[in-house]
Amino acid sequence: MQKKRWMKEEELKLRNYWGKEPIEYISALLSRSEPSLRQKALRLGLTDKRRLHKSFAWGLLRNNPYRQLSDVALAYIAGMLDGEGTIVSNKGSRFWAIQISNTHKGVIDWLSKHILYSRIVPVRHLRERRRPIWRCDLAGNTKTMALLEVLLPYLIVKKERALMLIAEVREMYQLGNL
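Values in this document were obtained by computation on a predicted structure and should not be read as measured data. Note on numbering: residues in each chain are counted from 1, in written sequence order. The model is predicted, so local features are restricted to residues of pLDDT at least 70 and side-chain atom pairs to those at 80 or more, both for listing and for counting; the totals for chains, interfaces and linings are taken over all residues. Where side-chain values are given, they derive from all heavy atoms of the structure, hydrogens and water being excluded.

Structural notes on the nonpolar core
Working step 1: To form a nonpolar core, buried Ala, Val, Leu, Ile, Met, Phe, Trp, Tyr and Cys residues must be joined to one another through side-chain atoms within 4.5 Å. Residue exposure (1.4 Å probe, protein chains only): buried if accessible area is under 20% of the type maximum, exposed if over 50%, otherwise partly exposed. Core analysis: the biggest nonpolar cluster contains 32 residues, and L111, I115 and L148 have the highest contact counts within it.
Working step 2: Numbering of helices and strands runs from the N terminus; a helix is a DSSP stretch of H or I covering at least four residues, while a strand is a stretch of E covering at least two. Of all the secondary-structure elements, those providing two or more residues to this core are helix 4 (49-62), helix 5 (71-84), strand 2 (95-102), helix 6 (105-114), strand 4 (133-139), helix 7 (141-151) and helix 8 (159-172).
Working step 3: The contact criterion used is simple: two residues touch if any of their non-hydrogen atoms lie within 4.5 Å. In this view, L111 contacts I77, M80, I100, S118 and C136; residues no more than four positions away in its chain are not counted.
Working step 4: In this structure, L14, I23, L30 and A41 belong to the second largest nonpolar core, which totals 10 residues.

Laid out in structure tokens, this is it:
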């Protein structure tokens, strides 16, 4: 099998679209495989993590999977976040995450099932004879932003913090009104 050579026009299009459009779109536009695009982008020096991350962000936010959840599910998740959760950021790194803790494992299992990309973490106790605590974690700026955008109408206590995260992530990745 012979490799297809890259034309100057293709390289120019790749430079123009890399990080601005999802890789699936660029692949269809140039009739190239995704691994081929990634390899060429690497050779051209288009390896900026934000560019790659922005491509993922574009797809995730454009086709936000949380929009498919029912109003009842969104209200329940927002209530749990307002009452039992936190929106955290690592100081200095601008990395955001959502954490919701509870002693009822069934609640955390339900949250993890409905909050895509989340994971369940058992929390260690400082004192003995306490009931076990479980935490549902969702880490990553765009993943967190995608969830918070659909939860906004239902949030009360954490609404201001959610708006702050959304504004910061939009600015960080130059997402505009995506």
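Here the narrative resumes, following the displayed structure.
Some remarks on the pattern of salt bridges
Working step 1: Between Lys or Arg on one side and Asp or Glu on the other, a salt bridge is scored when a side-chain nitrogen of the former is within 4 Å of a carboxyl oxygen of the latter. Applying the stated criterion across every chain yields a total of seven salt bridges.
Working step 2: Between D109 and K105 there is a salt bridge, with its nearest N and O atoms 2.8 Å apart. With D109 and K105 both in helix 6, this residue pair falls four residues apart, about one helical turn.
Working step 3: Across the pair R119 and D137 runs a salt bridge, and its minimum N-O distance is 3.9 Å. Of this pair, R119 sits in strand 3 (residues 119-123) while D137 sits in strand 4; the two residues are 18 residues apart in sequence, bridging distant segments of the chain.

Focus on unusual backbone geometry
A negative phi angle is the norm for most residues apart from glycine, just as the trans form is the norm for most peptide bonds.
Working step 1: One non-glycine residue, S31, lies in positive phi territory at about 55 degrees.
Working step 2: Assessed through its relative accessible area of 56%, S31 is described here as exposed.
Working step 3: With a phi close to 70 degrees, Y117 is a non-glycine residue in the positive phi region.
Working step 4: Note on placement: Y117 falls in the loop between helix 6 and strand 3.
Working step 5: A residue is classified by how much of its surface remains accessible, and Y117, at 46% relative accessible area, is partly exposed.

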